Amino acid sequence: MQWPDCDAKVSSSIGVFDSGVGGLTVLRAIKDQLPLENLVYVADSGHAPYGERTPDFIIDRCRVIGSFLYAQPVKALVMACNTASVLAIEKLRAEFDIPIVGIEPAIKPASSVTRSGVVGVLATSRTLQSVGVQKLCDLYGQNVEILLQPCPGLVECIENSSLTSKDTRELLEGFVQPLVDAKADTIVLGCTHYPFVREVIQDIAGSDVTVIEPGAAVARQLSRRLNELQLNRESQPPVPKDKQVNHVGSVCDQQGAIRFYSTGEPKMASDVMSSLWGEAVRVEALTSAVT
Ligand code: DGL
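Residues numbered from 1 in each chain as written. Predicted model: local features only at pLDDT ≥ 70, side-chain atom pairs only at ≥ 80, totals over all residues. Heavy atoms only, no water.

Asks: Before we go on, may I ask you to explain the site of the ligand in this structure?
Replies: Every one of the 13 residues lining the ligand counts as a neighbour, but S19, Y50, G51, T83 and H193 are closest to it. Contacts to the ligand include G51, whose backbone N or O atom sits 2.7 Å from an oxygen atom. Protein contacts shield 99% of the accessible area of the ligand, which totals 300 Å² for the unbound molecule. Split by residue class, the shell around the ligand holds five nonpolar, seven polar and one charged. (Near = heavy atom within 4 Å. Polar contact = N/O pair within 3.5 Å; in protein donor to acceptor, adjacent residues only side chain to side chain. Areas by Shrake-Rupley, 256 points an atom, 1.4 Å probe, with all protein chains shown as cover. Nonpolar A, V, L, I, M, F, W, Y, C, P; charged D, E, K, R; others polar.)

Below, the structure written as structure tokens:
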């Protein structure tokens, strides 16, 4: 990617994407930790869930969305999706010459905080079947029992913004209760959609169980990478008030701007993303080349 100058690169956006709305939990952590950064989020809700799709399909979607974001241009890419990261991160790193930060289930930290010696991992079937998760289990499962629990149907509930319904709770009880019965005292949320139902999970598991969600760790890793490459907007000198512009050229305060895109049905994408983000957001539809 050719940049007109270094300032243009530093002030350009960070691309964040997920199979759908789940990556908003990571976007929130990035926004909290790096409030000056401009962000572009793509929800591939038109193709969610990825969790039961073939690896080829998921890799192809990551390439299409990665290309769209790369062309914005963005200075870094965050794959805010465990399923996509475990399958496609190396391929994207080979194709795009920008830093790419991914996400994997937090089995390592969970194995160091468990007191009962039993850790439960909630994630998609595709994530749990991956070589990456197998490696994590081999590395950190020596003295700890790691229980892998796929959660089919859960992403669909969250894509429909059905977070606290009776059906969602019953589905979650079927996933969480067996982990608690097996004495898991630490539960890893290995899918970025699941923090949206964290309270229900905690309620089923009980207050003694530690629930680990990954957004903040991903944001820290992104910040480290940007610092290493001197691309962190936070470390730049403050911009004089009269010179503050956002990445689309309009005057703004020092807060970064966020653009939201979705491949889902536009009205539903807007409603669900606004509700999950906690304020009304304008969601742009993606062009046919991306959908
Ligand atoms: N949010 C995703 C993850 O972290 C994927 C969910 C899905 O589409 O199945 O794995």
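Asks: Help me understand helix α11 (residues 215–228), please; the structure alone is not making it clear to me.
Replies: Side chains three or four residues apart in an α-helix point the same way, a direct result of the helix having 3.6 residues per turn. End to end, α11 covers 20 Å across 14 residues, agreeing with the expected 20 Å (1.5 Å per residue, within 8%). All of the buried residues in α11 are G215, V218, A219, L222, S223 and L226. Looking down the long axis of α11, one finds its buried residues gathered within 140 degrees of arc, a one-sided arrangement. Looking at the buried residues of α11, the elements they touch are β1 (13–18), α2 (24–33), β3 (74–79) and β4 (100–101). Remark: Q230 follows α11 within two positions and exhibits a positive phi of approximately 55 degrees. (Helix = DSSP H or I, 4+ residues; strand = E, 2+ residues; numbered from the N terminus. Expected span 1.5 Å × (residues − 1). Buried < 20%, exposed > 50% of the residue type's maximum accessible area, 1.4 Å probe, protein only. Arc of directions from axis to C-beta. Contact = heavy atoms within 4.5 Å.)

Asks: Got a minute to help me understand the side chain of S262 in this structure?
Replies: Structurally, S262 is set in strand β9 (residues 258–262). The contacts of S262, once residues within four sequence positions are left out, are A43, S45, A269, M273, V283, E284, A285 and L286.

Asks: Any chance you could explain the pairing of β3 here in plain terms?
Replies: Here is the key point about a regular strand: its side chains alternate between the two faces of the sheet. β3 sits mainly inside the fold: six of its six residues count as buried. Where β1 and β3 come together, five bridges link them in parallel fashion. The residue of β3 that forms the bridge with F17 is M79. Pairing geometry for β3 and β4, over two bridges, is parallel. Bridge pairing links L77 to I100 in β4. Read from β3 through helix α4 (residues 82–95) to β4, the crossover connection turns out right-handed. (Pairing = 2+ DSSP bridges. Right-handed = clockwise from strand over helix to strand, strands pointing away.)

Asks: In this structure, what is going on with the sheet that holds strand β2 (residues 39–43)? I would like to understand it.
Replies: Two strands in a sheet stick together by hydrogen bonds in their backbones, pointing the same way (parallel) or opposite ways (antiparallel). Spatially, six strands are ordered β4-β3-β1-β2-β9-β10 in an open sheet, and the strand pairing comes out parallel. Each edge of the sheet is formed by a strand with only one pairing partner; in this case those strands are β4 and β10 (283–285). Across the sheet, helix α12 (residues 266–277) lies against β2, β9 and β10, angled at about 135 degrees from β9, the strand it touches most. (Axes fitted to C-alpha atoms, helices over the stretch in contact; angles between N-to-C directions.)

Asks: I'm lost on the packing of α2 against α12 in this one. Help?
Replies: The description of two packed helices rests on the angle between their axes and on the distance between the axes. Two elements in contact, α2 and α12, have axes whose closest approach is 10 Å; the angle formed by their N-to-C orientations is 45 degrees. Of the possible angle classes, the one that applies to α2 and α12 is oblique. The element α2 and its partner α12 pack so that their crossing is right-handed. Counting all contacts with α2, which are made through L24, L27, R28 and K31, the residues of α12 involved are M273, L276 and W277. Of the residues assigned to the contact of α2 with α12, the class counts are five nonpolar, no polar and two charged. (Parallel < 35°, antiparallel > 145°, perpendicular 65-115°, else oblique. Left-handed = near helix turned anticlockwise from the far one by under 90°.)

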